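Survey of secondary and tertiary structure
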Amino acid sequence: GYPRVRILPPVASSPNAGLEAAASAAAAAMSKPGTPLKPGTPRRDFTPTGTSSFAPRMASTGAMSARGNMKVPFLPGYSSNPLSETQGSLKKNQTLTYGLGGQHAKGVTGGMSGLPKLDLKQLESLMNPRNRYDMTKNSATHEEREAAKESARNTYRPALPPAWLKHDRQVLRFAAYFQEPVHENPKENFRVRHCTVFFYLEDGTMMVTEPRVENSGIPQGTFVKRHRIPKTEGSFFTYQDLGTAETIEIYARAFRIYDCDDFTRDFYENGLGTRLEPREEPPMDFFRDTQMREIDLLSQPTARDVLESKEYDNLAVGGSRKNQKLQQYLENDRKVLNFKAFWDDPTLYGSRMYFLLHYYLADDSIEIHEDLARNSGRDPYPVFWRRSLLRKNPHISPAPGMLEPEADLYKPEDLVVGETINVYNRDIYLYDCDSFTREFYRGYMSLEQTSHEIKAPAPVHVQLGHAPHTGIGTEEDSMASCLHLTPRPPRRDILKLMSEDGKVLRFEGKMVNGVAEDANRMFVVVMYLADDTVGIWEKRQRNSGHASGKFAYRSKMKNPATGDWFQPQDFFLGSTVEVNAVPFALVGADDATIVYMEENSHDFPLADTPVIVRKVQRIRAAIEKASQSGKAEHSVEEFYGIASAAGLDLCLHELLTLARNYGKQDGFNARGTITLPKLLAAL
């Protein structure tokens, strides 16, 4: 950094040349007037012998070497440039002065001359205070001056604001990703890394960052620092090059933009008139899929058995139990809800029992005491439910250590006057409460607890019922032993036995239990009119796989539909009877059965022809319309369709009765035809 100098060759000098030069310099320094000496320093004469002519030559010629007029080399530590007396003063001229009116510049005349001269006349005018202040208006306060300065600062806007002012702190943010290959991994061959692309509108710079993922093992954070990123052809990226559903290349790496924020979308739509593409779903790699599964597993609640095992292990090693209801205890200690309740004992000789129910808000426990009257005759042990938690779903563990279901406890919102609670499978009715309980429910649930007036139940004489049938013999035999002290045989209808002896109603039945193997089984259902007993036999069929013979012994049976004994009126074509929990559909009957039911039509209205004709009278128009089609005879199935279309429901036995009287019956089953002209003539 030093200028080039020309090094001269050394010149031979006397042996005392260096000493002479040092002595001369010291003598010159000591010879200056006004040079102070330190206290106690003796004055010495540094002029050596034989050098008296050296000092004047140094003073006249400047810094030179010991020999001749040769100057010292211009090197660090050797340069010497003494000031000449003829150069004059080096002080800078002062051009700024203060006078009337404030600061002003003055002319430069050289040196320290040119000082401003004071005008005494002007000074005399300044002595009058009226010339110093403007008395025509009030002076502005400090707040007014600051407000004017701030308003002037905020109102100024250039006509064409620059980009750094127009788009100050406006950033376009895009969501992007790129695929990174994964080598030597049997589970995945690529990984999707998500990034955020920022474009700063104020200066056109871009920045790419990657969100940090904990324990990812990948250096993440700022991917590309903020600067103007060049494109492959040499120009720089602008906001026009960015958009959703587009791929950009930054330093030989392809980034796929799949989404942006709301500000960016509004900027393109409202500012540029460009509508961006909707969001794309980024691809899912194996690492991300595994991470999402782990998050789902962690978000799932821990099983109750795991929590209980952790608590047990903590207590086993000396840990303490968690006081989860400490805050509830501190806020509600000695606060008790008091209800009055009763329960009607439905057992024999049972009576109404009154209770007092206490609900402790400190720990949600409940206790129930019996409210016994004087001389009630009951033992003085009023505790009905000892103070503890009352569950809606009571459960008893069959063995210790088994996991019980989650407890569903009674809470204050479950205790409402006019409703019941279940304790020991008893429905206890709440009918009143005290003033503190009413005040608590007003603040807790905004509920007004009422009071119900309870009247004593009217005494009811309980009549003893008969003992149930033991299954041995008939029910009439068991009833006879209950009605008389000495068992008597039940009375029998001898007239019916003699008049109806040998008369039966025989029907063909089919099982309708929904089992495919029983669909083709045929049975004979017999109703004995002498004693109203029922018997069922199965018909023999080749290769049916079922043994034929007796299915139900002849006995009196009850009809499950009515709860009474089977009667002859319960058997007719189209009906379904249930015997021994097996339903049978009656699909056919023999001629003797049909004739007997028609002869005794007063007992069997479904076989009474006049009654059926009056019933069919309602669909006469539909029958006339069907007869005009040119077809006189219609099958039973066709006539049933005509009646159903007209809104009339006829059973199979009624259709068979019409076919026997106004048509032809075909065979044993309920088949045949009905002649419409004959039926119309009867109508």
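This section reports on the structure supplied with the text. (Residues numbered from 1 in each chain as written. Predicted model: local features only at pLDDT ≥ 70, side-chain atom pairs only at ≥ 80, totals over all residues. Heavy atoms only, no water.)

Turning our attention to the overall build of the chain. For the chain, the helix and strand inventory stands at 18 helices and 25 strands. Looking at the chain as a whole, 27% of its 683 residues are labelled buried. By sequence separation, contacts in the chain at least 24 residues apart represent 47% of the contacts at least 6 residues apart. Carbon and sulfur atoms make up 53% of the accessible area of the chain, which totals about 48300 Å². (Helix = DSSP H or I, 4+ residues; strand = E, 2+ residues; numbered from the N terminus. Buried < 20%, exposed > 50% of the residue type's maximum accessible area, 1.4 Å probe, protein only. Contact = heavy atoms within 4.5 Å. Areas by Shrake-Rupley, 256 points an atom, 1.4 Å probe, with all protein chains shown as cover.)

Take unusual backbone geometry next. A positive phi is found at Arg169, a non-glycine position, where the angle reads about 60 degrees. Inspection of the secondary structure puts Arg169 in the loop between α5 (163-166) and β3 (171-181).

So, on to the sheet that holds strand β23 (residues 633-635). As summarised here, the arrangement of the 3 strands in space is β23-β25-β24, forming an open sheet in which the pairing is antiparallel. Edge positions in the sheet fall to β23 and β24 (663-665), since each of these pairs with one other strand and no more. If you compare each strand with its neighbour and ignore which way they point, the axes differ by 25 degrees on average. Where β24 meets strand β25 (residues 672-675), 3 bridges bridge the pair, whose relative direction is antiparallel. Residue pairing across strands places Gln665 opposite Gly672, the latter belonging to β25. (Pairing = 2+ DSSP bridges. Axes fitted to C-alpha atoms, helices over the stretch in contact; angles between N-to-C directions.)

The description of an aromatic ring pair uses the distance of the two centres, along with the angle that the planes make with each other. Following the criterion strictly, the structure yields 24 aromatic pairs and no others. A centroid spacing of 5.8 Å and a plane angle of 90 degrees characterise the contact between Phe267 and Tyr268, whose relative ring orientation is edge-to-face. An identical accessibility class is assigned to Phe267 and Tyr268; each is buried. Pairing Tyr596 with Phe604 gives two aromatic rings, centres 6.2 Å apart and planes at 70 degrees, and the pair type is edge-to-face. In terms of burial, Tyr596 and Phe604 fall into one category: buried. Note that Arg228 overlies the ring of Phe236, its terminal NZ or CZ placed 4.4 Å from the centroid. Over the aromatic face of Tyr528 sits the side chain of Arg554, whose NZ or CZ is 3.7 Å from the ring centroid. (Phe/Tyr/Trp six-rings, centres within 6.5 Å; stacked < 30°, edge-to-face > 60°. Lys NZ or Arg CZ within 6 Å of the ring centre and 35° of its normal.)

Its location among the elements puts His634 in strand β23. Among all residues touching His634, those that are not within four sequence positions of it are Ala626, Ile642, Gly672, Thr673, Ile674 and Leu676.

This structure, assessed with the given rule, holds 38 salt bridges. Residue Asp261 is joined to Arg173 by a salt bridge in which the shortest nitrogen-to-oxygen separation is 3.7 Å. With a gap of 88 residues between them, Asp261 in the loop between β8 (253-260) and α6 (262-271) and Arg173 in strand β3 connect regions that are remote in the sequence. Close ionic contact of Asp432 with Arg438 constitutes a salt bridge, the shortest N to O distance being 2.9 Å. Exposure remark for Asp432: the relative accessible area of 15% places this residue in the buried category. Since its relative accessible area comes to 18%, Arg438 is described here as buried. Taken together, the salt bridges that share partners define one network made up of Asp259, Arg265, Arg279 and Glu281. (Salt bridge = Lys/Arg side-chain N within 4 Å of Asp/Glu carboxyl O.)

In this section: the sheet that holds strand β18 (residues 549-555). Ordered in space as β18-β17-β16-β15-β22-β21, the 6 strands form an open sheet in which the pairing is antiparallel. The strands lining the two open edges of the sheet, one partner per strand, are β18 and β21 (576-579). Ignoring which end each strand starts from, the neighbouring axes of this sheet average 30 degrees apart. Two strands pair when backbone bridges link them, and strand β15 (residues 504-511) and strand β16 (residues 522-528) are joined in this way by 7 bridges, in the antiparallel orientation. Among the inter-strand pairings, Leu505 is bridged to a residue of β16, identified as Met527. Lying over the sheet, helix α13 (residues 591-599) contacts β15 and β22 (582-589), oriented at roughly 120 degrees with respect to β15.

To continue, consider the packing of helix α14 (residues 609-616) against helix α17 (residues 652-662). Axis separation between α14 and α17 bottoms out at 10 Å; the angle between their running directions is 105 degrees. With respect to each other, α14 and α17 are oriented roughly perpendicular. Contact residues: Thr609, Ile612, Val613, Lys615 and Val616 in α14; Glu654, Thr657, Leu658, Asn661 and Tyr662 in α17. Here the residues of the contact of α14 with α17 sort into 5 nonpolar, 3 polar and 2 charged. (Parallel < 35°, antiparallel > 145°, perpendicular 65-115°, else oblique. Nonpolar A, V, L, I, M, F, W, Y, C, P; charged D, E, K, R; others polar.)

Let's shift gears to the nonpolar core. Core analysis: the biggest nonpolar cluster contains 26 residues, and Leu505, Phe507, Ile536, Phe566, Phe571, Val579 and Phe584 have the highest contact counts within it. Those elements that provide at least two residues to this core are β15, β16, β17 (533-538), β21, β22 and α13. No other element matches the 4 residues that β22 contributes to this core. Those residues within four positions of Phe507 in sequence are excluded, and the remaining contacts are Phe523, Val524, Val525, Phe571, Phe572, Leu573, Leu586, Gly588, Ala589, Thr593 and Met597. (Core = buried A, V, L, I, M, F, W, Y, C linked by side-chain atoms within 4.5 Å.)

Now for the side chain of Ser365. Looking at the secondary structure, you find Ser365 in strand β11 (residues 365-370). Taking relative accessible area as the criterion, Ser365 reaches 4% and is therefore assigned buried. There is a polar contact of 2.9 Å between the side chain of Ser365 and the side chain of Arg387. Residues within four places of Ser365 in sequence aside, it is in contact with His358, Tyr359, Tyr360, Arg387, Ser388 and Leu389. (Polar contact = N/O pair within 3.5 Å; in protein donor to acceptor, adjacent residues only side chain to side chain.)

Interhelical geometry of α13 versus α17 gives an angle of 90 degrees and a closest axis separation of 12 Å. For the element pair α13 / α17, the angle class is roughly perpendicular. Within the contact between the two elements, α13 uses Ile594, Val595, Met597 and Glu598 and α17 uses His653, Leu656, Thr657, Arg660 and Asn661. Each residue belonging to the contact of α13 with α17 can be placed in one class, and the counts come to 4 nonpolar, 3 polar and 2 charged.

The quantities given are spatial measurements derived from coordinates; they are silent on function.
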